[in-house]
Number of protein chains: 2
Amino acid sequence: MTKYVYLFKEGNAGMRNLLGGKGANLAEMTKIGLPVPQGFTVTTEACTRYYQDGKTIGDDIVEQIYAALAETEKVCGKKFGDLENPFLVSVRSGARASMPGMMDTILNLGLNDVAVKGLANLTQNERFAYDSYRRFIQMFSDVVMEIPKSFFERVLDDIKEKKGAKYDTDLNADDMKEIVVRFKEIYKEKKGVEFPQDPKEQLMEAIKAVFRSWDNPRAIYYRRMNDIPGDWGTAVNVQSMVFGNMGDTSGTGVAFTRDPSTGEKKLYGEYLINAQGEDVVAGIRTPQKIETLAQVMPDVYDQFVKIAKTLEDHYRDMQDMEYTIERGKLYMLQTRNGKRTAAAALKIAVDLVNEGMITTDEAILKVEPKQLDSLLHPQFDAAALKKAKEIATGLAASPGAACGMVYFTAEEATAAAKTGKKVVLVRLETSPEDIEGMAHAQGILTARGGMTSHAAVVARGMGTCCVAGCGALRVDEEAKTATIGDVVFHEGDWMSIDGSTGKVYAEAIPTVDASVSGDFATLMSWADAARKLGVRTNADNPHDAAVAVKYGAEGIGLCRTEHMFFEATRIAAMREMILSETEEQRRVALAKLLPYQKADFKGMYKALEGRPMTVRYLDPPLHEFLPAKNMTEEIEALAKELGTTTDKIIAKIDELHEFNPMMGFRGCRLAVRYPEIAEMQTRAVIEAAIEVKQEDGYDIHPEIMIPLVGEVKELAYVKGIVVETAKKVMQEKGVELAFKVGTMIEIPRAAVTADEVAKEAEFFSFGTNDLTQMTFGFSRDDAGKFLGAYYDKKIYESDPFARLDQNGVGKLVEMAAKLGKQTRPDIKLGICGEHGGDPSSVMFCHKVGLNYVSCSPFRVPIARLAAAHAAILEKQGQL
Amino acid sequence: MTKYVYLFKEGNAGMRNLLGGKGANLAEMTKIGLPVPQGFTVTTEACTRYYQDGKTIGDDIVEQIYAALAETEKVCGKKFGDLENPFLVSVRSGARASMPGMMDTILNLGLNDVAVKGLANLTQNERFAYDSYRRFIQMFSDVVMEIPKSFFERVLDDIKEKKGAKYDTDLNADDMKEIVVRFKEIYKEKKGVEFPQDPKEQLMEAIKAVFRSWDNPRAIYYRRMNDIPGDWGTAVNVQSMVFGNMGDTSGTGVAFTRDPSTGEKKLYGEYLINAQGEDVVAGIRTPQKIETLAQVMPDVYDQFVKIAKTLEDHYRDMQDMEYTIERGKLYMLQTRNGKRTAAAALKIAVDLVNEGMITTDEAILKVEPKQLDSLLHPQFDAAALKKAKEIATGLAASPGAACGMVYFTAEEATAAAKTGKKVVLVRLETSPEDIEGMAHAQGILTARGGMTSHAAVVARGMGTCCVAGCGALRVDEEAKTATIGDVVFHEGDWMSIDGSTGKVYAEAIPTVDASVSGDFATLMSWADAARKLGVRTNADNPHDAAVAVKYGAEGIGLCRTEHMFFEATRIAAMREMILSETEEQRRVALAKLLPYQKADFKGMYKALEGRPMTVRYLDPPLHEFLPAKNMTEEIEALAKELGTTTDKIIAKIDELHEFNPMMGFRGCRLAVRYPEIAEMQTRAVIEAAIEVKQEDGYDIHPEIMIPLVGEVKELAYVKGIVVETAKKVMQEKGVELAFKVGTMIEIPRAAVTADEVAKEAEFFSFGTNDLTQMTFGFSRDDAGKFLGAYYDKKIYESDPFARLDQNGVGKLVEMAAKLGKQTRPDIKLGICGEHGGDPSSVMFCHKVGLNYVSCSPFRVPIARLAAAHAAILEKQGQL
C-alpha cells in the first residue's frame, strides 16, 4: 500500500518531492535533534490523488492521517478536543518549490467549545484561549469554507464600538466569548450547519482546503512565472501548535544565517514579542532586529545562534528559518535555503567556496541564472542622483533602481505597463492578489511591512526593485493619492525609488547600466570554465554589440539587417527599391542602400574585435517599409520624392497586402524573387569584412544566414547568388576571405527535412520565435485572444514564446539537429530566438547538442550561467 | 565507363528510364523485327550530365555519339555530307513520360551544300532536296540557334511576291536555291558565322538544343501539371530520315490499334499523302482516314494492319503508332501505349480482360485515376439539349460537355477563369504555348486540326472537353470575333460545345452529372475488391452526401459544420452569439442555432443510410461571420435587429481583427474559450443520431472531430465537454449510443506529439491543407506573390496544396501515424485535406498505413481507383 502520510521522524531532507520543502526540512531538523513541534506530513502524492479522485480524499489516505494523528497526540501527550490537555495543530501547505504566500494556512485547528476551555485552564489565560478560538473560527470560515472575512470583521467592529474599544487588545475575555458566539452564528447562517466541533472533521476539511489552494489563480500565476509544473501538487504539514503570543516570554520571528540582501556573513532577522508567526510575515507590525534578542532572552538567543550555525553547516547554504518562543522555550518551525538577491547569491556562493564549504560547481548551481537579470538592471545615474533629493526612506527590500509613474492598484499598474508605461506600484502593503501588477512594475513601494513582508520576498524573487515599510508614506487607495510629507502623488506622477538604499524621490531620475565585476566576475569566470555551450548575442548595431561583448558575448548570432533600413535617410531608398517596376530600377535603389549597410557592418565588425558575426538577410514583408494606406500625407510626399503618383504607391501597397503576413512574401522568398537584394547584401558583408581586415587586421569569416528556408532548393538558389557575388567582390578587391552560408531553421518543413537542408547549409540557427508560431499554429500577435482561457484551464502552463516548448518545438529542434549532423557532422548549430536567453531553454540547447545560444545583450550573462548549470548537471547525471 | 549512347538494336522496351519512352520502343520494335529506320539514343543520364556539367556535353559522351553515328552510317550504307548517298537524320527528344510537343525536334539534319546535291541526285528531285535544305536551315536556326522564325518567313514572302507565287508549292527548284542562299545570309548576319556545313557539328548542336528544351517554360509547366520530376531529363533519338514527302507513293500518318475516344476495337488513324510527319501532328492539313489506305496502297495497308496487331499483342495494350511510307515502303517511326479518353481507357481495360489478354489487376493499372475526372464531369441536360440547336459540328476530340464564355487567347482565358468565369477557349488551332489557357478552360474549340492535333491530344490528356477541326468556324483573333455562319461571337459571349458529339451551340446549355455504370461500374468493382484503403467524402449537406454515396463513398470523412451557419436565417443567430457579452446571452443565441444544426445532421445521417460521419466542430475565426467594417448599412441593420449599437458591433469587429487569421482565434480555441459552443454542437450531433435511429433504424455511431488541436490537454478539455454533454443528452432521451471523439492533425505540433494526442483522440484525420500551410510556413492566400518565381527557378515542381509534399508534410503525417499507433494500436487514421482526392497522395496514404481518405464527392471514384493502384503496386513490390 502506498504510504501517503509520514511522521516528521520518518522523513528526511532528501524526500522533498514527496514531502514538499517544508515537510522534508521539518523531518531533517527532527532527525538532527533540533527542537521541532512534532507532527506529520501528508504527501504531494496524496494531493495528486485528491485531484484524480475528483477532489476527494481516499479512505486509505484518511486512515493513514488518523493513524499519524494518534501517534502525534501520543508523542505530544495531548488529545484533540480534550478538556485537560487539548491538542492544537497548524495546517500548512508545502510544495516541492517554495511558493511563499500562494497557498493556504490554518492555525489553532482543534479548538472547539471544549478544547477552548482546556486551553484556558492550561494557559491560565481565558482571554488568550477565546481570542485564539475566534481567530480560528474566522480563519477556518474564510480559508476552508469561503465565507468572506468581512462578515466577521463587521461583528468585531460592532462589538468594539459597543464596548468603546479602540483596538482588539482593549477587549477582554468576555468580549471574546461573545465574539465566538456571534462568529459561530455567522457560520451557521452562511453554511446552514453548526461550526464543526469535531477536530478530526476540522482537520480533514482543512487538508482539503490546502489541496484546493494548489489551484487557486494566484498559485497558478506564480507557477507559470516560476516554471513550476502544475502536476507536482502540494504536501500538507500538520504540526502541533506552539504559541508565540502567550505573553512577554513568548515571541516569534524569522532569520537568515546571512544577509539575504547583500550576502554579508552575519545573522540577520527579526522577531516580534507576544505574536503569532503570521504577524511577522504579513508585515502588519514592524518587528525588532534579531540582535536585540540577546538582551531580551540571552539563553534563547545563544541557543538560536548555535542552531543557525548547525543548520547552515548541515545544509551548506544560507538558511531562512522560522521560529517561535513559547514561554521561554525555543521551537524551530521551518528552515530552508534562503531566498536572496542576485548580489547576495553571488557573494554567498563565492564566500562559501572561499570558506571551503562548497566547490565552484556547487557555487555555480547556487545562483539562479534568471536572478542575474536584476544585477544587470539599471542603477540611477550617479550625477543625476547627486542632484536629486530623497523625500523619504523605507527598507531596502530588493535592490536596483526604478523610475516610473505611480499607480495604486495591481490592475491599473498592469494596464499602464501594457501600454508601454514605466510603472511604480505604490501600495499600503501588497498581498498575493497583487502578484501580476508587481511583475509588471519597475519598482514597488509599500508603506507597511518588513524585509520579510510579502512585497519584499516576492520582489526579490522577481528581481524587481522594492522599497518596503516606508513609514512616512500615506496611501489613500480610494482617492488614488499617496502623500509623503507635503508631496502628494496622483496617478501618473513620476517617482523614483532605490531598492538598494530604500530611498524615495519625487522626481524622475535617469538610470544607467550596472557594472559587472567583483563576485560577479569571479562566478562568471567559473561558469565560463564549466560550460560547453557558446554564448553569442543578437545585435543589430555597434553599440549593442559592444554592450554584449562587455557582458561576455562571444560573437553575434543574429544581426537583423532590416533594422538598418528603417532610419529616415535609408527608408527612402528602401521604398524606392520596393516601388521599382524593373530590376534595373531596383538595382539603382539598392546601390543607394549599399554604403549604409556596409558602414553598419564595418562598425559591428570593429565592435566585435574579430569575434564571429552571423548576418541574417532581409526578412520582413516589404509592406512593413511602406506607409499605411491611410497615411495620405506621407504617401503624397513619397510620390513627390520618387517622381511617381500616389495611385501607383497605393496600388503597390494593395499589391503587397497580405492575409497572413507571417506566412507571406518574406524571408528568403524575397531573395528568390529579387536576387539582386541578396547580391547587394552580400557585397556589403564581404566588402565590409575585407576593409576591416585591411584597416584593423581582424581576420573576419562572415557567416551569412538565409532566413525562412523550408526547402533545400530555395537555399541552394540563394546560396548560389551569394557565393557568386562574394567571389566577384573578392576578385575585385584581390582579397580572399573564408565565409559560410547557413540558414535559419524556423519553418517546420526545414526541421523535418534538415538532412537535405544541411547539404547546402554550413550552419543552422534555430529561429525558435517563428518555429514556435508555426509549430503551434498560432501567431504571437493574435494568441492573446485565447491564451488567457488556456492558462485558466491549465492547458498551457508557461508562455511558449518565453520558454521553449521542449515537448513539441523542442522535438523539431532535436530532430533537425540530428538530421543536420547526419549529413554534415561538423555543422555548426545555434539558436537565435528569444529562448536563447531563457535558462531552461539554454539547458535544453545544451542537452540536444547545439554549439551556441544567441540572446539579447542583457541576457548574455544569464545564458552563460545557465550553460554552466547544464554542463555541471550533466556531469552529475542530473540533466 | 558509363554507356551514354545505345544503338536501337542494343536496347529494349524495359529501358524506358534510360532511353526514354520513344527510344525504348524504337529499340523494342527493332528487336522484334519491325521495319524501323535505324539510329541510336543518347540517354537521359547524358541529359542529367549535361546539366551537371554546366550545360556542356562531356568528351566521353561526344566520343560515344560519334561511334554510334559511324555504326549507324554503316548499317544504313550512307554517309554524313556525302555527295553520293548522304546520311540524314532526325533528332528528337524522348523522355520517360510522354510530353507531346513540349520539347524540340530537328528534321533533315545532315544537309549541307554538298549533301543537298547528293539528295537531289538520289531522289532525282532537285526541288525536294532544296526545299528540305531550306526547311532544315530555318528549323536549325530557330530551334537550335534561337533566330526568330519571322526573319525567314519574311524572305519567303518576299520571294513569293517576286515570283508571283501564292503558295510555297508554286515555287520551283531555283526559287528554293535562292531561298537557301538568302537563309544562309540571315544566319550569318545573326550569328556572325557561316551556317555550319559540318553535319557532326550540326548534330552536337541539335542534341544540346534538345537537352536545353527539357527546361523550357512550357515543358516545366507541363511537368508540373503532370507530376513529372524535373530531374528525369530527356533522352535524344537520332534516327535515319525517311521521307513521306517524296511524291504520291509516299506518305505519313498516325494510328491507334483501338479508338482512343471510345475504346472500340478497330484500327483508328489518319494519314497524309506526300507529307512529313510533323504536318499530321501540327494539324495544318486535314488528313485521310486510315481505312482508305486499303484502296490507295493495299499491300502497305495489309502490312500495317499486321504490324499493328503484332504491336498490340506484344505490348498487351492499345498502341499509338507513327509511320512513314517512303516510295511504297512502310517504316515504323514510333509506337507507344496510346493516350485515350477515360471512357476508352475503361472500355479497353475491361475488353482486354474479357479477351483474356490481361488480368483485372493489370486492367486497373491501365486506367489513370485522374482520368476518371472527365467521366464524372457534367454532360448537357437532356431536356435542354433537345431544345438547343447546333450551329456547327467539328471533331469530337475529347468527351464531355462544356458551357462557358468565349475567349480567344490563352492569356485572356486564364485571366477570366481566375476571376471565376467559365471559359470556352476558341482558337484557329492550339500550340504548346496555349497549354495554361487550355488547362483553365471548360472546353476548347478549334477550327483546324484532326483527332491527333495538338488541341485534341492535350485536351484528352487533361480530361477537358474539346471539339477540334470545326471547318465552319472562322476565327479573327485580332478583332476577337468568331463566326459560324451568320452567328458572330464576341469575347464573353456564351457558347456550349460537346466533346463527345463534336457539336457546337450558340447558347448556354445547362449541364448535369454523368452516370456511372457499364465499364465504369465493372472496373470500379475490381478496384474496390483490390483496394485496402477506405474512401469517404467531404460533404456538408444532404445533397453532396447523396452524390458521394452514388460515387461510392463509404461515409463522410469531413462535415464542416460552419458551412451550415452562413445561410441568411442562421447567420443572424450566429452573429447574435458572437456579439454576446455574457455566457448566458451566448447560450440564448446558440439555442436558436441548435434546431438548424440538428436538422442538417439528420438529413445527412439519412442520406448516408447508416454509413459513418465525422463531424468537425466550428473552425473558422469568428470575424468571418460578421460584416466587414465598411459595410455600414449591414452593420446598422444588424444593430437594429439585435437591439444593440453600431459602435458595439464595430468594437467587436475590431476586437476580432487578426494579424494572421490563419493562426488566430479559431478551431478548438473557440471551444476552449466558449465551451458552450461545443455543448450545442454535441447536443445537435447526438440528438440527431438518436432521432434518426428511432425514425429510420440506422445505427449511427457519430465521430466527433475537434479541429486545430496542437496539445493533448486542449483536446482533453474539449473532449470533456463533449462527453459530458453527450451523456446528458443520452440520459434525457433514454438512449445509449456509441460515439468517438477524435481530432484533426493539422498543426505541426499535433503531428510531433501525436503519441500524446492519441491518449485522448480515438481517431486522427490529417487536415493536410492547414498542415501544408504551417509546415511550409506560407499561407495559400499569400503564396501567389512568390510561387511563380519558385516554379520558374525550379525550387518547387508541383503545387503542394494539390499534391501532398511527401518529403516534408508527408514526413509529419508518417510520424504522426506511427506515434498515434504506438499509443493506441487501433486508432483510426484518415485524411480530409484536398489531397484526399489526388492519386499520388492517395497512394502515399496507403503506403503510410492510413485507414481511409476523404475527398470531394466527384473525386471519390478517383480515390477508389488510386487506392486500388496502391494496393496492386504494393503487391507487386512496386510501391
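The rules we used
- Residues numbered from 1 in each chain as written.
- Chains lettered and ligands numbered in written order.
- Predicted model: local features only at pLDDT ≥ 70, side-chain atom pairs only at ≥ 80, totals over all residues.
- Heavy atoms only, no water.
- Buried < 20%, exposed > 50% of the residue type's maximum accessible area, 1.4 Å probe, protein only.
- Helix = DSSP H or I, 4+ residues; strand = E, 2+ residues; numbered from the N terminus.
- Contact = heavy atoms within 4.5 Å.
- Axes fitted to C-alpha atoms, helices over the stretch in contact; angles between N-to-C directions.
- Parallel < 35°, antiparallel > 145°, perpendicular 65-115°, else oblique.
- Left-handed = near helix turned anticlockwise from the far one by under 90°.
- Nonpolar A, V, L, I, M, F, W, Y, C, P; charged D, E, K, R; others polar.
- Least-squares fit on C-alpha atoms with pLDDT ≥ 70 in both.
- Buried area = accessible area lost by both parts, 1.4 Å probe.
- Salt bridge = Lys/Arg side-chain N within 4 Å of Asp/Glu carboxyl O.
- Polar contact = N/O pair within 3.5 Å; in protein donor to acceptor, adjacent residues only side chain to side chain.
- Pairing = 2+ DSSP bridges.
- pLDDT = per-residue confidence, 0-100.
- Expected span 1.5 Å × (residues − 1).

### Focus on helix α34 (residues 839-847) of chain A
Working step 1: Taken across its nine residues, α34 of chain A has seven buried, putting it largely inside the fold.
Working step 2: Residues of α34 of chain A that are buried in the fold lie against α33 (809-823), β30 (828-831), β31 (852-855) and α35 (860-875) of chain A.

### A closer look at the side chain of K719 of chain B
Residue and element names in this part refer to chain B.
Working step 1: Note that K719 resides in helix α28 (residues 712-733).
Working step 2: By relative accessible area, which is 15% here, K719 ends up buried.
Working step 3: Beyond its immediate chain neighbours, meaning those up to four positions away, K719 contacts V741, E760 and E762.

### A look at the packing of helix α3 (residues 59-76) of chain A against helix α8 (residues 199-213) of chain A
Residue and element names in this part refer to chain A.
Working step 1: Packing of α3 against α8 brings their axes to within 12 Å, and their N-to-C directions diverge by 125°. Looking at the two axes, α3 sits oblique to α8. When the axes of α3 and α8 are compared, the crossing they make is right-handed. Counted together, V62, I65, Y66 and L69 of α3 and K200, L203, M204 and I207 of α8 form the full contact between these two elements.
Working step 2: When its residues are assigned to classes, the contact of α3 with α8 shows seven nonpolar, no polar and one charged.

### Observations regarding the relation of the copies chain B and chain A
Working step 1: When chain B is brought onto chain A, the operation consists of a screw motion whose angular component is 180° and whose axial shift is 0.0 Å, with 0.2 Å RMSD remaining. Such values leave the two copies arranged in the relation of a two-fold axis. Ranked by how close their C-alpha atoms come to the rotation axis, the residues of chain B are headed by N660 of chain B, at 2.1 Å.
Working step 2: A shared interface surface links the copies, since 100% of the contact residues of chain B are contact residues in chain A too.

### Side note on the interface of chain B and chain A
Working step 1: Tallying the contact residues gives 52 residues for chain B and 52 residues for chain A.
Working step 2: Taken together, both faces of the contact between chain B and chain A bury some 4,600 Å²; the carbon and sulfur share is 57%.
Working step 3: Counting the surface chain B buries against chain A, the share from its top three residues, M663, R749 and K785 of chain B, is 16%.
Working step 4: Seen at the junction of chain B and chain A, the total is four salt bridges.
Working step 5: Across the pair K811 of chain B and D755 of chain A runs a salt bridge whose closest N-O atoms are separated by 3.7 Å.
Working step 6: On inspection of chain B and its partner chain A, the count reaches 30 residue pairs in polar contact (both at pLDDT 80 or more).

### Things to note about the sheet that holds strand β2 (residues 39-42) of chain A
All names here are of chain A.
Working step 1: Taken in spatial order, the five strands line up as β1-β2-β5-β3-β4 in an open sheet, and their pairing is antiparallel. Pairing within the sheet leaves two strands with one partner each, and these edge strands are β1 (5-7) and β4 (105-109). Averaged over neighbouring strand pairs, the angle between their axes works out to 20° when direction is ignored.
Working step 2: One ladder, built from three bridges, connects strand β3 (residues 89-95) with β4; its direction is antiparallel.

### Points about the environment of I186 of chain B
Residue and element names in this part refer to chain B.
Working step 1: Its place among the elements puts I186 in helix α7 (residues 173-191).
Working step 2: Looking at I186, the relative accessible area reads 9%, which means it is buried.
Working step 3: A sequence separation of 675 residues divides I186 from P861, and the C-alpha atoms of the two residues are 56 Å apart.
Working step 4: Setting aside its immediate chain neighbours within four residues, I186 contacts F151, F152 and V155.

### Some details on the confidence of the model for chain A
Working step 1: Here chain A averages 92 in pLDDT, and 98% of its residues register 70 or above.
Working step 2: Interface scoring of the predicted complex returns ipTM 0.78; its pTM is 0.79.

### Topic: helix α22 (residues 568-579) of chain A
All names here are of chain A.
Working step 1: Over its twelve residues, α22 extends 17 Å from the first C-alpha to the last, a length consistent with the 16 Å expected when each residue adds 1.5 Å.
Working step 2: With ten of its twelve residues buried, α22 lies for the most part within the structure.
Working step 3: Buried residues of α22: R570, I571, A572, A573, M574, R575, E576, M577, I578 and L579, and no others.
Working step 4: Residues of α22 that are buried sit in contact with α23 (583-608), α24 (632-642), α25 (646-656) and α27 (675-696).

### Structural notes on the side chain of N112 of chain A
Residue and element names in this part refer to chain A.
Working step 1: Of note, N112 is situated in the loop between β4 and α4 (115-123).
Working step 2: The exposure class assigned to N112 is buried, which follows from its relative accessible area of 5%.
Working step 3: In this structure the side chain of N112 is engaged in a polar contact, spanning 2.7 Å, whose partner is the backbone nitrogen of A115.
Working step 4: Setting aside anything within four residues of it in sequence, one finds N112 in contact with G81, Y133, Q197, P199 and Q202.

### Looking at the sheet that holds strand β10 (residues 329-337) of chain B
All names here are of chain B.
Working step 1: Read across the sheet, five strands follow the order β8-β7-β6-β9-β10 without closing on themselves; strand pairing throughout is antiparallel. The open sheet is flanked by β8 (288-289) and β10, the only strands paired with a single partner.
Working step 2: Here eight bridges tie strand β9 (residues 319-326) to β10, and the two strands are oriented antiparallel to one another. Looking at the pairing, E322 lines up with Q334 of β10.
Working step 3: The sheet strands contacting helix α12 (residues 298-315) are β6 (251-256), β9 and β10, and the helix crosses β10 at an angle near 25°.

### A word on the pattern of salt bridges
Working step 1: One pass over the structure, following the stated rule, counts 144 salt bridges over all chains.
Working step 2: Here E71 of chain B makes a salt bridge to K9 of chain B, at a shortest N to O gap of 3.5 Å. Here the residue E71 of chain B occupies a position in helix α3 (residues 59-76), and K9 of chain B occupies one in the loop between β1 (5-7) and α1 (16-31), the gap between them amounting to 62 residues.
Working step 3: Look at K9 of chain B and you get exposed, because its relative accessible area is 52%.
Working step 4: Close ionic contact of K162 of chain B with E178 of chain B constitutes a salt bridge, the shortest N to O distance being 2.7 Å. With K162 of chain B in helix α6 (residues 149-163) and E178 of chain B in helix α7, this residue pair connects regions lying 16 residues apart in the sequence.
Working step 5: Of the residues examined, K162 of chain B reaches a relative accessible area of 54% and is grouped as exposed.
Working step 6: Judged by its relative accessible area of 22%, E178 of chain B is partly exposed.
Working step 7: Among the charged side chains, a salt-bridge network with shared partners connects K598, K602, K606, R683, E687, E691, E695, D696, E732 and K733 of chain A.

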